[in-house]
Amino acid sequence: MVGNTIHWFRKGLRLHDNPSLKESIRGADTLRCVYILDPWFAGSSNVGISRWRFLLQCLEDLDTSLRKLNSRLFVIRGQPTDVFPRLFQEWQTSQLSYEYDSEPFGKERDAAIQKLASEAGVEVTVKVSHTLYDLDKIIELNGGQSPLTYKRFQALISHMDAVESPAEIITAEVMRKCATPISDDHDDKFAVPSLEELGFETEGLATAVWPGGETEALTRLERHLERKAWVANFERPRMNANSLLASPTGLSPYLRFGCLSCRLFYFKLTDLYRKVKKNSSPPLSLYGQLLWREFFYTTATNNPRFDKMEGNPVCVQIPWDRNPEALAKWAEGRTGFPWIDAIMTQLRQEGWIHHLARHAVACFLTRGDLWISWEEGMKVFEELLLDADWSVNAGSWMWLSCSSFFQQFFHCYCPVGFGRRTDPNGDYIRRYLPILKAFPAKYIFDPWNAPESVQKAAKCVIGMHYPKPMVHHTEASRLNIQRMTQIYQQLSCYRGLGEHRAQPAETTANSLKIRLESLEESKQIPITNLIGNNIMCFFYSGRGHAAVKRSSEDLTPGGSNKAQRQTSN
Amino acid sequence: MKKYEDACSSSSEGPTESCKKVRKLQPNLCEFGFDWALLPQEILLNIFQFLPLLDRAYASQVCRGWNQAFHMPELWRCFEFELNQPASSYLKATHPELIKQIIKRHSNHLQYVSFKVDSSTESAEAACDILSQLVNCSLKTLGLISTARPSFMELPKSHFISALTVVFVNSKSLSSLKIDDTPVDDPSLKVLVANNSDTLRMLKMSSCPHVSPAGILCVADQCHGLRELALNYHLLSDELLLALSSEKHVHLEHLRIDVVSENPGQHFHTIRKSSWDAMLRHSPKFNLVMYFFLYEDEFGPFFREEVPITHLYFGRSVSKDVLGRVGVHCPRLVELVVCANGLRPLDEELIRIAKRCTQLSAIGLGECEVSCSAFVEFVKMCGRRLSQLSIMEEVLIPDHKYNLDEIHWEVSKHLGRVWFPDMMPTW
């Protein structure tokens, strides 16, 4: 019986730490690594040119690495459910392997493929390697619910078993007798397409600031660790103007596409820390970047509506404004606020922005200034941001818009002040908005305040060469803090009621209505309380939230979460 | 069960008759000896109160008895009109048919009403339209809430005023009124006062640009039961504070003031210390909530003398100097939020606040910097009275004594509960 195996690359675009691939090679006679170019990329066709280019570079890199092992990558266009039955037949497949995908859309797709596989008598091998842990185990430890606060998540992590070691890299020895049948017309049928072939206009496209691929990823990892060792300091670096620029040691897009194994990164970081700090135990904060990613994957895995406000049990229902014109200005970097516009320009050009820059533009779009839904911002990031995948992107947007995770909402980033404090000289603005190059540092963050003479001298008149600010920030933030306060007040209001009656078991969408009526009628508390008293108005105290009771969240792991189960329908 | 329901709804007799019929048809249906149609109205009322409006509406279609219960006045005392357009909002609006029904059958039952309006002018228009029809209402509470951009401000002023005055004139027993961000003006306030001066307890009118200090003074002079007031700083005057402290006036409970700068370099008037003192003498327990949205150099007139602020919010960047003055002049401070300060540590200022603001129980710091040692000192001095400590992680600067991993244990120790700074995702 000939063992013909297919390894299906989705994320996990690497040969190091690829346990499912390694497993499927064992005992197989033939191996074919496929990548299915699903026009519906990860559940949405909203993918910009930078992301496509990165992906294609990853695939090219994989193909190159596979060639060294006398193998090739097979890129096939179509939908997996159409493609696989055909391949199983044509290639007489006995085994299919792939890396576990924790996202709801991924799980659904994989369930369908598993069914097709079992119908065709194909064995399926799946291994976890996109996340540090098996997420279901974390959820189990939390009583069957995804943790909703990062603190809670950290507490759970500290009780989990150690992270599994990365699998060894696929080498010729690992491959052994396993071969790949390569036809003469392989390049015609299965080559990695170019951007042009996919229909993109590439004239004038600048070289990629973030080149895709496993090779690049591993090089960067070494550089990243070298720099850390040299600095001998594992504290989070202070933010300065330079931090805003793309770094040759930046790793986030590579983690997202799986060119770099998060577990490899984890172990290398741990080793380095132990070496430099002489064997002491690394704190959790060392892995901050990896743990945030893990946290969002964990919160999203069982929630198919994680990327929506409506019908999402973890998302506060906020009356965002629908304003396509304003959204377009933000997305295209035409807000009239240089700090915001420069960030959005860097994002569009390069595909990456610093996390504080993300906070700034996310705050501006949602709860800070424009009061537009985080879902819109998420879609724009999905298109442009190299390291944004479904779980992490949606989760971060909910966080930054204070729609979930019990995030305090009082703090608003000023689109002028925050930029000015981060980059007092304004070099970042000048780099990405050359039209404002000649403005002095004093006015470059708020050029509309510059006297006419200064504007003329800078050859940039506000309103003509560069837009006027699209909102009055003070006015907008005043209004918006009112809005948020109101919403959270109404959520906090019901702490007393919850005890006396069963919590209505549905989403916060309806519950506000119920509370309104029931509050007044059943408890004789006049509606004035809902529009009145502002005591303790600056902070959200986290009680009485329909979906989750916070008090049980923070402290003991494996604590009782019966309340959550009852309320989350 | 379905047959029973069909029987009830299609029957033209009263519930009892039709149910007797059904019992003949389905003798084993009411095995518990309990007949749903005979449920007393009071119990139905109680149950209906727990149902969301939509479910209640479905229930009302079951049979005549339940339909009657649905329309009981007690269920219509309180209503929130949600007016949204699909083009400007993601949320659903109250169904126009329902609105018609309410106006037709229940307008005289309404007592607590609020309008939630999105950013479109149509929604604000719709709200005014409903308001103008509330002629038979005796409202106790009225709230006009814009959930996004203040669309009431885009209406022609006269149109809005005439709709609002319908309620002012006809209700005569308004107790709570929330009209922030609306084009209400002095004459309409006069109408409000003329008809509701005995009952008015709460008035929230922040950012109503057409009102003058004289207009609000009129309210304070006549409405002696006013307990809660929210307005903008430009309406605040010494006379207003004195009027609120007059003998005839009840104790004020809550005064909220928004200090908002329209343009950089705006000038703000001062309030005499004696006026604040009079307020405090008259209402020793009152809460003074102040939101500041000023540019750094506009704080000149503020915090030069003692002021009885209890809740203080700085929405824009505020200087070390001003925070230092807050420590000296705000002995009643309970809550403090600093959205941003800058890159120089606030160590001294925080410690002074811990020392002098002995009532402080909640603090929030955004883009600021505080050294870890000073922060621990601050928490130690405040101790367990700090029920809310919201510090962004970036605020804390590690020093020779503490790093970020150690600080949360130190702070937790002094607070008597587990504490972590507020975090933001970094990936």
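The coordinates are above.
Remember, predicted model here, so these are calculated numbers, not experimental data.

Considerations on the pattern of salt bridges
Following the criterion strictly, the structure yields 39 salt bridges over all chains and no others. Of the charged contacts, one joins B:Asp180 and B:Lys178 as a salt bridge, the two residues approaching to 2.8 Å between their closest N and O atoms. With a relative accessible area of 6%, B:Asp180 lands in the buried category. One network of salt bridges, in which partners are shared, links A:Arg10, A:Asp101, A:Arg109 and A:Asp110.

Observations concerning unusual backbone geometry
In this model, A:Asp17 sits at a positive phi of 40 degrees, which is unusual for a non-glycine residue. Along the polypeptide, A:Asp17 turns up in the loop between strand S1 (4-9) and helix H1 (19-25). Look at B:Lys172: it is not a glycine, yet its phi comes out positive at around 60 degrees. One can find B:Lys172 in the loop between helix H8 (157-171) and strand S4 (176-178). Since its relative accessible area comes to 48%, B:Lys172 is described here as partly exposed.

Some remarks on the side chain of A:Ser477
Mapping A:Ser477 onto the fold places it in helix H21 (residues 473-492). Setting aside residues up to four positions removed in sequence, A:Ser477 forms contacts with A:Gly368, A:Cys412 and B:Phe293.

Description of the nonpolar core
Residues A:Trp330, B:Phe115, B:Phe303 and B:Phe314 are the most contacted members of the largest nonpolar core, which totals 282 residues. With residues near it in sequence (within four places) discarded, B:Phe314 still touches B:Phe292, B:Phe299, B:Phe303, B:Val322, B:Leu323, B:Val326, B:Leu336, B:Val337, B:Val338 and B:Cys339. Core analysis: the second largest hydrophobic core is formed by 17 residues, A:Ile76, A:Trp91, A:Ile113 and A:Val122 among them.

Notes on the interface of chain B and chain A
Between chain B and chain A, the contact holds 88 residues from the first and 81 residues from the second. Summed over both sides, the interface between chain B and chain A buries roughly 7700 Å², with carbon and sulfur atoms accounting for 57% of that surface. Viewed at the interface, chain A and chain B are joined by 4 salt bridges. With a closest N to O distance of 3.0 Å, B:Arg149 and A:Asp321 form a salt bridge. Connecting chain B to chain A are 19 residue pairs in polar contact (both at pLDDT 80 or more). With 6 residues, strand S11 (residues 362-367) of chain B is the largest single contributor of residues to the side of chain B that touches chain A. Class assignment of the residues belonging to the side of chain B that touches chain A gives a composition of 40 nonpolar, 25 polar and 23 charged.

The rules behind these values
- Residues numbered from 1 in each chain as written.
- Chains lettered and ligands numbered in written order.
- Predicted model: local features only at pLDDT ≥ 70, side-chain atom pairs only at ≥ 80, totals over all residues.
- Heavy atoms only, no water.
- Salt bridge = Lys/Arg side-chain N within 4 Å of Asp/Glu carboxyl O.
- Buried < 20%, exposed > 50% of the residue type's maximum accessible area, 1.4 Å probe, protein only.
- Helix = DSSP H or I, 4+ residues; strand = E, 2+ residues; numbered from the N terminus.
- Contact = heavy atoms within 4.5 Å.
- Core = buried A, V, L, I, M, F, W, Y, C linked by side-chain atoms within 4.5 Å.
- Buried area = accessible area lost by both parts, 1.4 Å probe.
- Polar contact = N/O pair within 3.5 Å; in protein donor to acceptor, adjacent residues only side chain to side chain.
- Nonpolar A, V, L, I, M, F, W, Y, C, P; charged D, E, K, R; others polar.

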